[in-house]
Amino acid sequence: MAARRPAAVRIVTDSAARLPRAWAEANGVIILPHRVRFGADCYQEDVDLNEAELAVKASRAKQPFDVEAPSIEEFARAYELLAHSRAEVISIHIASPLSQTVQHALQARQPFLGQCEIHILDSQTMAMGLNALVQAAITLAKRNLPAMEIVTRLRGLMQDAFGIFISDDMAYLQHSKRLRPAQALLGEMLQVVPCLSIEQGDLIAAEKVRSFERGIERIVEFASEFEEDAQFAIVQLSPHPNERTQALAEALREVFPKIQRFPVQTCGAAVGRIIGPRGIGLMIYEGKV
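How each quantity is defined
Residue positions within a chain follow its written sequence, with the count starting from 1. In keeping with the predicted nature of the model, local features appear solely for residues at pLDDT of at least 70, side-chain atom pairs appear and are counted solely at 80 or more, and the whole-chain, interface and lining totals rest on all residues. Only hydrogens and water are set aside when side-chain values are computed; all heavy atoms of the structure are taken into account. Pairing of aromatic side chains requires ring centres within 6.5 Å, counting the rings of Phe and Tyr and the six-membered ring of Trp. Pairs whose planes differ by under 30 degrees are stacked, by over 60 edge-to-face, and all others tilted. Throughout this description, the term charge over a ring refers to an Arg CZ or Lys NZ atom that lies within 6 Å of the ring centre and within 35 degrees of the ring normal. Accessible area is worked out with a 1.4 Å probe on protein chains only. A residue is then buried under 20% of its type maximum, exposed over 50%, and partly exposed in between. Under the scheme used here, helices are H or I runs from DSSP no shorter than 4 residues and strands are E runs no shorter than 2 residues, and both carry numbers assigned from the N terminus. Strands are treated as partners if at least two bridges between them are detected by DSSP. Salt bridges, as used here, are contacts in which a Lys or Arg side-chain nitrogen is within 4 Å of a carboxyl oxygen on Asp or Glu. Only the stretch in contact is used when fitting a helix axis, every axis being a line fitted to C-alpha atoms; angles between N-to-C directions are given from 0 to 180 degrees. This arc is built from the directions going out from the helix axis to the C-beta atoms. Here a residue-residue contact requires only that any non-hydrogen atoms of the pair lie within 4.5 Å. N or O atoms closer than or at 3.5 Å make up a polar contact, with two conditions inside protein: a donor-capable atom paired with an acceptor-capable one, and, for residues adjacent in sequence, both atoms drawn from side chains. Patch members must show over 30% relative accessible area and no salt bridge, and they are joined within 9 Å when carrying like charges or within 5 Å when they are nonpolar side chains of Val, Leu, Ile, Met, Phe, Trp or Tyr. Only the protein chains shown count as cover for residues, with accessible areas throughout obtained via the Shrake-Rupley method and a probe of 1.4 Å.

Asker: So what's going on with the packing of aromatic side chains? Which residues, and what values?
Answerer: By the definition in use, this model includes 10 aromatic pairs. Through a chain of ring-to-ring contacts, the aromatic side chains of F38, Y43, F65 and Y172 assemble into a single cluster. For the cation-ring pair, K57 lies above F38, with the distance from its terminal atom to the ring centre recorded as 5.9 Å. Its guanidinium or amino end placed over the ring of F212, R244 lies 3.5 Å from that ring's centre, counting from NZ or CZ.

Below, the structure written as structure tokens:
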């Protein structure tokens, strides 16, 4: 008797992965968008509000924007479509402390239990980290590996994504509950810049420095702990480099002279609602598929 072929594996993710739509379509990846709210106006991330437009709106808005996870109904429609195609689904999403995306995915999966294998993975990361995990999932799926083996390998790769951010957007840090109102007010008065690190999937204000320049030095100190063969990306809300981006890139090149270019990537709305339009960070990925 011929060996049974494994079911096709399909990947579902969310817009926090910052994946190009063309690449996602070519690889059969379904991306569910976060919603971005500026007051009464609501937009679907990357659908009717692109990266540059989001950054411009955020920089001009008087109040921080809000972000909502893809709805349970949107997940259910995606899972139903894939269930009909008899695919096994790996649903990889932004860290649960940053969004309700994983919770919505778990609720949407309930009606399909017994009909379709849907593996939901809390990536414990975002932006470049989530992007790398989705790309790894596609690479492994093309090797015809079973879904459970892919999930196991992805859980191992999750430990290889790191990040550090700095932000002097006190209104955003307060609005996202990374700082209490009194801390934000004091920070603004003293011109203190919080440094945020990824801890158990959340962005936590772990330390503070007395200037943005010192914050960039702290990012470079963090980066110096890694080898040059890791993947590095400067992340911010805007897709366009600015003076802060250039300053960080120049400082990084002094430590890593063999790396000719440090790409600038957008952090997406779910992270941008925390660091604001002026925040900046560095994400590092050491995973190998």
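Asker: Got a sec to walk through the pairing of strand β8 (residues 161–166)? Specific residues and values, please.
Answerer: Of all six residues making up β8, five are buried, and the element is well covered by its neighbours. Summarising the sheet, β8 and strand β13 (residues 280–285) pair through six bridges and their orientation is antiparallel. Bridging across to β13, I166 finds its partner in I280. Where β8 lies against strand β9 (residues 193–199), three bridges are found, and the strand directions are antiparallel. Within β9, the residue paired with I166 across the bridge is C195.

Asker: Describe the pattern of salt bridges, with residues and values.
Answerer: Scanning all chains against the criterion turns up 14 salt bridges. As a salt-bridge pair, R214 and E221 come within 2.9 Å of each other at their nearest N and O atoms. R214 sits in the partly exposed class, given a relative accessible area of 29%. The exposure class of E221 is partly exposed, given its relative accessible area of 36%. A single salt-bridge network, built from bridges that share partners, covers E207, R214, E217, R218 and E221.

Asker: An account of the sheet that holds strand β5 (residues 66–68) is needed here, citing residue identities and associated values.
Answerer: Taken together, the three strands give an open sheet; going across it, the order is β4-β3-β5, and neighbouring strands pair in antiparallel fashion. Among the strands making up the open sheet, the edge pair consists of β4 (41–44) and β5. Going from strand to strand, the sheet's axes swing by 25 degrees on average, the running direction of each strand aside. Relative to β5, strand β3 (residues 35–38) is paired through three bridges, and the arrangement is antiparallel. Along β5, the bridge assignment pairs R37 with D66.

Asker: Tell me about helix α2 (residues 51–60), residues and numbers included.
Answerer: Considered for burial, the residues of α2 that qualify are L54, A55 and A58. All buried residues of α2 project into a common sector of 95 degrees when viewed along the axis, lining one side. Those residues of α2 that are buried are in contact with β3, α7 (170–175) and α11 (269–275). A side-chain oxygen of the first residue of α2 lies 3.2 Å from the backbone nitrogen of A52; this N-cap is N50.

Asker: Can you explain the side chain of S197? Please cite residues and give values.
Answerer: Summarising the element assignment, S197 is placed in strand β9. Side chain to side chain, S197 and E199 meet in a polar contact 3.1 Å long. Ignoring anything within four residues of it in the chain, the contact list for S197 reads G163, D202, L203, I204 and A206.

Asker: Report on the side chain of T266, specifying residues and quantitative values.
Answerer: The residue T266 is located in strand β12 (residues 264–266) in this model. Since its relative accessible area comes to 6%, T266 is described here as buried. At 3.1 Å, the side chain of T266 forms a polar contact with the side chain of R18. A polar side-chain atom of T266 sits 3.0 Å from a polar atom in the side chain of E51. In contact with T266, not counting residues within four places along its chain, are R18, E51, A127, Q236, L237, S238 and P239.

Asker: Outline a nonpolar patch on the surface, listing residues and values.
Answerer: A cluster of nonpolar side chains, contributed by L185, L186, M189 and L190, occupies part of the molecular surface with about 420 Å² of accessible area. Tracing the backbone through its elements, the reader meets M189 in helix α8 (residues 181–190).

Keep in mind these numbers describe shape, not what the thing actually does.
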